[in-house]
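Summary of the model geometry
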Amino acid sequence: MKVFNSIAELHLELETIRLAKKSIGLVPTMGNLHAGHLALLKEALSENDCVISTIFVNPLQFELNEDLQNYPRTIEEDKLKLKKAKCEYLFAPSVKEIYGHNINYQTVIHVPDLSDNYCGRSRPSHFDGVATIVCKLLNIVRPDTAFFGLKDYQQFLIIKKLVSDLALNVDIRGVEIVRDSNGLALSSRNNYLSNDDIVKASNIYRCLQETAGKIRDKNRDFRKIEIWAKAQLSNAGLRPDYFAICESHSLSPANENDTQLVVLTAAYVGSTRLIDNLRVSTDQ
Ligand code: PAF
């Protein structure tokens, strides 16, 4: 696997790849790779002649009070996993390579509306940080297709909107959530959980499934279901941040005529904030 730390070196390699008319897939990550990331890579490899994975813990998407310093950095293990999964190219730049000497003077991209609710409410600058780094990585690599996990469903919609609004020439693909045996969506933040916490956290998916069941049973009092679901999470020892039944494209609170829905939630287990979602179609 070829590893690049500088944009200039990566560009040289990409020039050769483009001359050979090979299609390019991009898998952006913050490292600490798990089976969810490897699913992105697998899909990218199956659809492209070559795949560039990136590992960059992006300071711009962490709030000041968040876990940037302690975010798990496991680059050597990650490289082994990527090699084993047959990834040929890794781009792992430093913060200085991406943001220069002063990150505070970085041009920042804000995707309005979609960024403002749900996770954006408790993490006000998070999605600007995500939109900025994703736009930058898309400009650096100029892939044909870029792959993102659907666990971060709000992030996925924001990236699609960013690409459409800025007329970027790339296909954005969402890849299904990978879950452990008791339903917990895989996330690097699961590393912070004790065994007891993991049992508690598995209630998130159970609650999403029960909510989907109610919706499929034609229960249309969505606001009442949201209140019920939050109580379920609290009773299971979690601290819900939000639980929202939304229209799946706009993320507006769902109304009874919407048929394509997504149930979004974030909840704390101790001090660890976990997110998850479940899409529900009420079409026959
Ligand atoms: O989903 C993530 O891991 C990150 O938000 C991303 C898209 C790699 C941007 O840093």
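Rules of the game
- Residues numbered from 1 in each chain as written.
- Predicted model: local features only at pLDDT ≥ 70, side-chain atom pairs only at ≥ 80, totals over all residues.
- Heavy atoms only, no water.
- UniProt positions renumbered as here; feature names shortened; annotations may be inferred.
- Helix = DSSP H or I, 4+ residues; strand = E, 2+ residues; numbered from the N terminus.
- Contact = heavy atoms within 4.5 Å.
- Buried < 20%, exposed > 50% of the residue type's maximum accessible area, 1.4 Å probe, protein only.
- Polar contact = N/O pair within 3.5 Å; in protein donor to acceptor, adjacent residues only side chain to side chain.
- Salt bridge = Lys/Arg side-chain N within 4 Å of Asp/Glu carboxyl O.
- Pairing = 2+ DSSP bridges.
- Axes fitted to C-alpha atoms, helices over the stretch in contact; angles between N-to-C directions.
- Expected span 1.5 Å × (residues − 1).
- Arc of directions from axis to C-beta.

This part is about the UniProt feature "binding site: beta-alanine" (unreviewed entry) in the protein chain. Feature annotation in UniProt places "binding site: beta-alanine" (unreviewed entry) on Gln-61, given in this structure's numbering. Secondary-structure assignment places Gln-61 in the loop between β3 (50-55) and α3 (75-84). Among residues more than four places away in sequence, those in contact with Gln-61 are Met-30, Glu-66, Arg-123, His-126, Gly-129, Val-130 and Ile-133.

So, on to the environment of Arg-142. Structurally, the position occupied by Arg-142 is in the loop between α6 (126-141) and β5 (145-149). Spatially, the C-alpha atom of Arg-142 lies 9.1 Å from that of Gly-25, the residues being 117 residues apart in sequence. In this structure Arg-142 touches Arg-18 and Leu-137, once residues within four positions along its chain are discounted.

All right, on to the UniProt feature "binding site: (R)-pantoate" (unreviewed entry) in the protein chain then. When the UniProt feature table is mapped to this numbering, "binding site: (R)-pantoate" (unreviewed entry) covers Gln-61 and Gln-155. Taken together, the annotated residues stretch across 95 residues yet fold into one region, lying no more than 11.4 Å apart by C-alpha. Residue class for Gln-61 comes out buried when judged on its relative accessible area of 10%. Within the structure, the side chain of Gln-61 is placed 2.9 Å from the side chain of Asn-58, a separation counted as a polar contact. Following the sequence through the fold, Gln-155 ends up in helix α7 (residues 153-165). When residues no more than four places from it in sequence are discounted, the contact partners of Gln-155 are Phe-127, Val-130 and Phe-148.

Bringing the pattern of salt bridges into the picture now. Counting across every chain of the model gives 12 salt bridges. As a salt-bridge pair, Glu-76 and Lys-79 come within 3.7 Å of each other at their nearest N and O atoms. With Glu-76 and Lys-79 both in helix α3 and three residues apart, the pair spans about one turn of that helix. Through salt bridges with shared partners, one network takes in Glu-43, Glu-47 and Arg-173.

The next subject is the side chain of Asn-32. Among the structural elements, Asn-32 can be located in the loop between β2 (24-29) and α2 (35-47). Side chain to side chain, Asn-32 and Asn-191 meet in a polar contact 2.6 Å long. Leaving out residues up to four positions away in the same chain, Asn-32 has contacts with His-37, Pro-72, Thr-74, Asp-78, Ser-188 and Asn-191.

What follows covers the sheet that holds strand β9 (residues 272-281). On the basis of which strands lie adjacent, the open sheet formed by three strands has the order β7-β8-β9 and antiparallel pairing. On the outer flanks of this sheet lie β7 (239-247) and β9, each paired with one strand and no other. The sheet shows a mean angle of 10° between the axes of neighbouring strands, taken without regard to direction. Inspection of the sheet shows β7 paired to strand β8 (residues 260-269) by eight bridges, in the antiparallel sense. Each residue of the ladder has a partner; that of Ala-244, found in β8, is Leu-264. The strands that helix α8 (residues 195-216) touches are β7, β8 and β9; relative to β9, the one it contacts most, it runs at about 25°. Contacts between helix α9 (residues 222-235) and the sheet are confined to β7 and β8, with β7 contributing the most and set at about 155° to the helix.

Given a rise of 1.5 Å per residue, 14 residues ought to cover 20 Å, and the 20 Å separating the end C-alpha atoms of α9 matches this to within 8%. The set of residues buried in α9 consists of Phe-222, Ile-225, Glu-226, Ala-229 and Leu-233. Down the axis of α9, the buried set is contained in an arc of 105°. They therefore lie on one face. Exposed residues on α9 whose side chains face more than 90 degrees from its buried face are Lys-224, Ile-227 and Asn-235. The inward-facing, buried residues of α9 contact α8, β7 and β8. Two residues or fewer past α9, Gly-237 is found with a positive phi of approximately 90°.

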